[in-house]
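# Inside the fold
Here are the chains, one letter per residue:
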Amino acid sequence: MTDLELQGMALELAREAGEAGEVPIGALVIRAGAVIGRGRNRMEELQDATAHAEMFALRQAANHLGTWRLDGCQLFATLEPCPMCAGAILNSRIGRVVYGAPDHRLGACRTHWALLERNPVGREVEVVEGVLGEESAKLLRSFFRELRIGDRASASDRRPMGDPDEIA
Ligand SMILES: [Zn+2]
């Protein structure tokens, strides 16, 4: 499967999150062309600031393989991973990260920090940005637009990442 096809699957998970009232972000972990981890944002459901899509995808992949060492795996995310997720990606030994939209608020792969490409542990992590980036950003923008129309207070609360006003 191509990056585009895999990112399309991550985008489906992001849509699922949006339909469940969560900020629409999805992630996948791939190994040898197969999806071994899936995640979507669940912060509202679990009332957990760490319930990011990437964390679930990494955890599911580790459970699937029976090890936290995800050498040779790739992570796909619809939005640029934050510092927490970038840390988890480094700890998991993921070798390649593909993401869609840049996160102008907390982007830790290129936008504000380059935690993956310039990591202190000398790990080689390939970063590819912008795969279905516009689609991912559009999904976030329309989610926040609807939220703002519905309830202004909760809209400003729910901008832990991917502030749509700042997503080009
Ligand atoms: Zn994150």
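Preceding this paragraph is the structure being described.
The structure presented is a predicted model; accordingly, all values stated were derived computationally and were not measured.

## What about the sheet that holds strand 5 (residues 126-129)?
Sheet architecture is open: five strands sit in the order 2-1-3-4-5, paired in mixed fashion. Each of the sheet's edge strands pairs with one partner strand only, and the pair in question is strand 2 (34-40) and strand 5. Here the average twist between neighbouring strands, direction ignored, is 15°. Note that strand 3 (residues 73-79) and strand 4 (residues 96-101) share five bridges and pair parallel. The residue of strand 4 that forms the bridge with Leu 79 is Ala 101. Against the sheet, helix 1 (residues 3-19) engages strand 1 (26-31), strand 2, strand 3, strand 4 and strand 5, with an angle of about 145° to strand 1.

## Side note on the environment of Leu 116
By the element assignment, Leu 116 lies in the loop between strand 4 and strand 5. According to the C-beta neighbour criterion, Leu 116 is buried, with 23 such atoms within 10 Å. Along the backbone, Leu 116 and Leu 90 are 26 residues apart, and their C-alpha atoms lie at a distance of 7.0 Å. If near-sequence neighbours (up to four positions away) are discounted, Leu 116 is found in contact with Ala 86, Ile 89, Leu 90, Val 97, Cys 109, Val 125 and Val 127.

## A closer look at the nonpolar core
Within the largest apolar cluster, 45 residues are counted, with the highest numbers of intra-cluster contacts made by Ala 27, Val 29, Ala 57, Leu 75 and Val 97. Those elements that provide at least two residues to this core are helix 1, strand 1, helix 3 (53-65), strand 3, helix 4 (83-92), strand 4 and helix 5 (133-150). Those residues in contact with Leu 75, other than ones at most four positions away along the chain, are Ala 27, Val 29, Glu 54, Ala 57, Ile 89, Ile 94 and Val 97.

## Section: helix 4
Within helix 4 the residues assigned to the buried category are Cys 85, Ala 86, Ala 88, Ile 89 and Ser 92. One side of helix 4 carries all its buried residues, which in axial view fall inside an arc of 160°. Its buried side turned inward, helix 4 meets helix 3, strand 3 and strand 4. Phi turns positive, to about 70°, at Arg 93, one or two residues after helix 4.

The rules behind each value
Residues numbered from 1 in each chain as written. Predicted model: local features only at pLDDT ≥ 70, side-chain atom pairs only at ≥ 80, totals over all residues. Pairing = 2+ DSSP bridges. Helix = DSSP H or I, 4+ residues; strand = E, 2+ residues; numbered from the N terminus. Axes fitted to C-alpha atoms, helices over the stretch in contact; angles between N-to-C directions. Contact = placed C-beta atoms within 7 Å. Buried ≥ 20, exposed ≤ 12 C-beta atoms within 10 Å, placed from the backbone. Core = buried A, V, L, I, M, F, W, Y, C linked by C-beta atoms within 7 Å. Arc of directions from axis to C-beta.

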